[in-house]
Amino acid sequence: MAQSIVESREEKLLRPILRTGRDFYIVIPALVVLVLWVFYAWYTQLTQGLSVTGLRTPVGAIWGLYITNFVFFVAISSACIAIASGIRLFKLKDYIPLARIAELATVVCLLVALISIVMSVGRPDRVFNLILYYSGRLASSPLTWDVTGIFLYMVFAITYLYIEMREDLARLAGKVKWGWLYRLLLPNYESDERPAAERIIFWASVFALPMMVMVDNTIGSIFGLMVGRPGWYNTFLGPYFVMGAFLTGMCVVVVLAFIYRQVFHWQEFIKPIVFKGFGRILAWFSILYIYFLLSEYMGVGYAGPTGELNVWRTTTEGEFAPLFWLQNGALVIAFAIFFINTVFPKVFRIGTTVFASVLVIIALWVVRFLIVVPSLLRPYLPFPTGSYSPSWVEWLMVSGAFAIVVLIFVLFTKVFPIMPVTEIESTEREG
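Here is what the cut-offs are and how they apply
Residues numbered from 1 in each chain as written. Predicted model: local features only at pLDDT ≥ 70, side-chain atom pairs only at ≥ 80, totals over all residues. Heavy atoms only, no water. Salt bridge = Lys/Arg side-chain N within 4 Å of Asp/Glu carboxyl O. Helix = DSSP H or I, 4+ residues; strand = E, 2+ residues; numbered from the N terminus. Buried < 20%, exposed > 50% of the residue type's maximum accessible area, 1.4 Å probe, protein only. Expected span 1.5 Å × (residues − 1). Core = buried A, V, L, I, M, F, W, Y, C linked by side-chain atoms within 4.5 Å. Disulfide = S-S within 2.5 Å. Patch = residues over 30% accessible without salt bridge, like charges linked within 9 Å, V, L, I, M, F, W, Y side chains within 5 Å. Areas by Shrake-Rupley, 256 points an atom, 1.4 Å probe, with all protein chains shown as cover. Axes fitted to C-alpha atoms, helices over the stretch in contact; angles between N-to-C directions. Parallel < 35°, antiparallel > 145°, perpendicular 65-115°, else oblique. Left-handed = near helix turned anticlockwise from the far one by under 90°. Contact = heavy atoms within 4.5 Å. Nonpolar A, V, L, I, M, F, W, Y, C, P; charged D, E, K, R; others polar. Phe/Tyr/Trp six-rings, centres within 6.5 Å; stacked < 30°, edge-to-face > 60°.

**Q** Can you explain the pattern of salt bridges? Please cite residues and give values.
**A** Scanning all chains against the criterion turns up 15 salt bridges. A salt bridge links E10 to R171, with the nearest nitrogen and oxygen atoms 2.6 Å apart. Taken together, the residues span a long stretch of sequence, with E10 in helix 1 (residues 2–13) and R171 in helix 7 (residues 142–172) at a distance of 161 residues. Looking at E10, the relative accessible area reads 10%, which means it is buried. For R171, a relative accessible area of 27% translates into the label partly exposed. Of the charged contacts in the structure, one is a salt bridge between R194 and E167, with a shortest N-O distance of 3.5 Å. With a gap of 27 residues between them, R194 in helix 9 (residues 194–224) and E167 in helix 7 connect regions that are remote in the sequence. Overall, the relative accessible area of 15% leaves R194 in the buried class.

**Q** So, helix 10 (residues 237–263): which residues are in play, and what are the values?
**A** The end-to-end C-alpha distance of helix 10 is 38 Å, a good match for the 39 Å that 27 residues give at a rise of 1.5 Å each. The element helix 10 is extensively covered by neighbouring structure, given that 22 of its 27 residues are classed as buried. Positive backbone phi, approximately 55°, marks H265, located one or two places after helix 10.

**Q** Tell me about the nonpolar core, and please be specific about residues and values.
**A** Residues F73, L98, F223, Y240, F278, Y289 and F338 are the most contacted members of the largest nonpolar core, which totals 142 residues. It is helix 14 (residues 350–377) that contributes the most residues to this core, 18 residues altogether.

**Q** Hey, could you go over the state of the cysteines for me, with residue numbers and the actual values?
**A** Evaluated as defined, the whole model comprises 0 disulfides. Take C80: it sits in no disulfide, and the sulfur closest to it among the cysteines is that of C109, at 6.2 Å. On the basis of relative accessible area, C80 is assigned to the buried category, the value being 0%. Not part of a disulfide, C251 finds its nearest cysteine sulfur in C80, a span of 11 Å.

**Q** Tell me about a nonpolar patch on the surface, and name the residues and values.
**A** Nonpolar side chains collect at one region of the surface, where W284, I287, F339, I340, V343, F344 and V347 lie side by side and expose about 650 Å² of accessible area between them. For the nonpolar patch, the secondary structure elements donating two or more residues are helix 11 (272–303) and helix 13 (321–343). At 3 residues, the largest contribution of residues to the nonpolar patch is made by helix 13. Of note, F339 is situated in helix 13. The class for F339 is partly exposed, based on a relative accessible area of 38%.

**Q** Outline the packing of helix 10 against helix 14, supporting the account with residue identities and numerical values.
**A** The geometry of helix 10 relative to helix 14 is characterised by a closest axis approach of 9 Å and an angle of 140° between their N-to-C directions. Judged by the inter-axis angle, helix 10 sits oblique to helix 14. The hand of the helix 10/helix 14 crossing is left-handed. Across from Y240, F241, G244, A245, L247, T248, C251, V252, V254, V255, F258 and R261 in helix 10, the residues of helix 14 making contact are I350, T353, V354, S357, V358, V360, I361, L364, V367, R368 and I371.

**Q** Outline the packing of helix 5 (residues 96–119) against helix 10, supporting the account with residue identities and numerical values.
**A** It is at 10 Å that the axes of helix 5 and helix 10 come closest, and there the two elements cross at 120°. The angle between helix 5 and helix 10 places the two elements in the oblique class. Here helix 5 and helix 10 pass one another in a crossing that is right-handed. For the pair formed by helix 5 and helix 10, the contact residues are L98, I101, A102 and A105 on the first element and V253, L256, A257 and Y260 on the second. Its residues placed into classes, the contact of helix 5 with helix 10 shows 8 nonpolar, no polar and no charged.

**Q** If you had to explain the packing of aromatic side chains to someone new, which residues and values would you point to?
**A** Counted by the stated rule, this structure contains 29 aromatic pairs. A centroid spacing of 5.7 Å and a plane angle of 90° characterise the contact between W37 and Y40, whose relative ring orientation is edge-to-face. Remark: Y40 and W37 occur in helix 3 (residues 22–48); sequence separation between them is 3 residues, near one turn of the helix. Taking relative accessible area as the criterion, Y40 reaches 42% and is therefore assigned partly exposed. Between F264 and W266, the aromatic rings sit 5.0 Å apart at their centres with planes inclined by 35°, giving tilted as the arrangement. W266 shares its class with F264; the two are buried. Members of the aromatic cluster, each reached through a chain of ring pairs, are W63, F223, W232 and F241.

**Q** Give me the side chain of E103: which residues, what numbers.
**A** With respect to the element layout, E103 can be found in helix 5. E103 sits in the buried class, given a relative accessible area of 1%. Residues contacting E103, with those up to four places away along its chain left out, are A84, R88, Y160, L161 and E164.

**Q** For unusual backbone geometry, give the residues involved together with the corresponding values.
**A** In this structure, N188 takes a positive phi of about 60° despite not being glycine. Along the chain, N188 falls in the loop between helix 8 (179–184) and helix 9. N188 sits in the exposed class, given a relative accessible area of 74%.

Pasting the structure below:
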């Protein structure tokens, strides 16, 4: 009887792999078509140049939606690996079902961040110059630090996910048609390697948090060390980026957990306590982020130099004012929901926590946009003030980046176990 119960629970955890619903055959073609449109837009940009975008220099913005997406996706990836590591370091049994979801989000978002960088370059082949001339004077550039950090981070994230997933792949090798793929991915696998794998995962989890801070702080430094741009030259940007990454990543995990819970009927595995816990953490992080925002607004608005004030007025009163106030309104509503759900547990609802998380994700994408673009349009040098209107090429490629994320998630969920089956069963036996 006990064995049949275990098998029944295992089948539930492996439901996306063992069963293929009708929606799968609708979603995949739709995503593939959108991704193909992205390649068409990219082909247009490569053959006609960046003139088909809204990017301009010296009057205008040389960075726009592409770099906004880059910063946004790196923030998600860095926070998600910290979440997965924290779950394992602190042995948070109720949160174990979310660990692999967070790990996958790390790898996928980091990959799409790199794609966004390539999209932003008129001559993508010149990206290799960062590698060819790495040891020269280029080594002192923050851009090189960024390439180094992201490359190491990508290797770390993929290795972490692979080692953690090996035992689940081994147990699935004889149960599905593509078991040969699992066996191909498991060279030298031994049935008693679990203790060694757990030690590796533990120490990898220890190093994940400082690596996450390193990556986001480095990206903040790319902006913060640019003395020639108003609004960027600031030691505050490193911690600001790290805090924003934590908020974005946690909200993304909340939304993903809710989607998987609803689509695959995993209510017994992804429990309400998970959303309550994330809501509490988000409530307190929200207070810190509000403090960061108010500190920035007060410092610039009250006594900022001329260049800083020009950017500030462009953001709060000028062409970007609607985005600025929309962003702040969304954050206030979301933070209020998190705080009310935490202080008054009786009014807690999973739906409101997910809704607030969606608001934060949208708002923090806008935050990245308002960090990147306005400073480029109000230069210190005596150039005319510029404007920036993204073209259809940019919008299509940016929306395509999100489509690539969804496509990889759907395919991974179909081919590989998105739930850490072995860990969940081990946790339940210990409990």
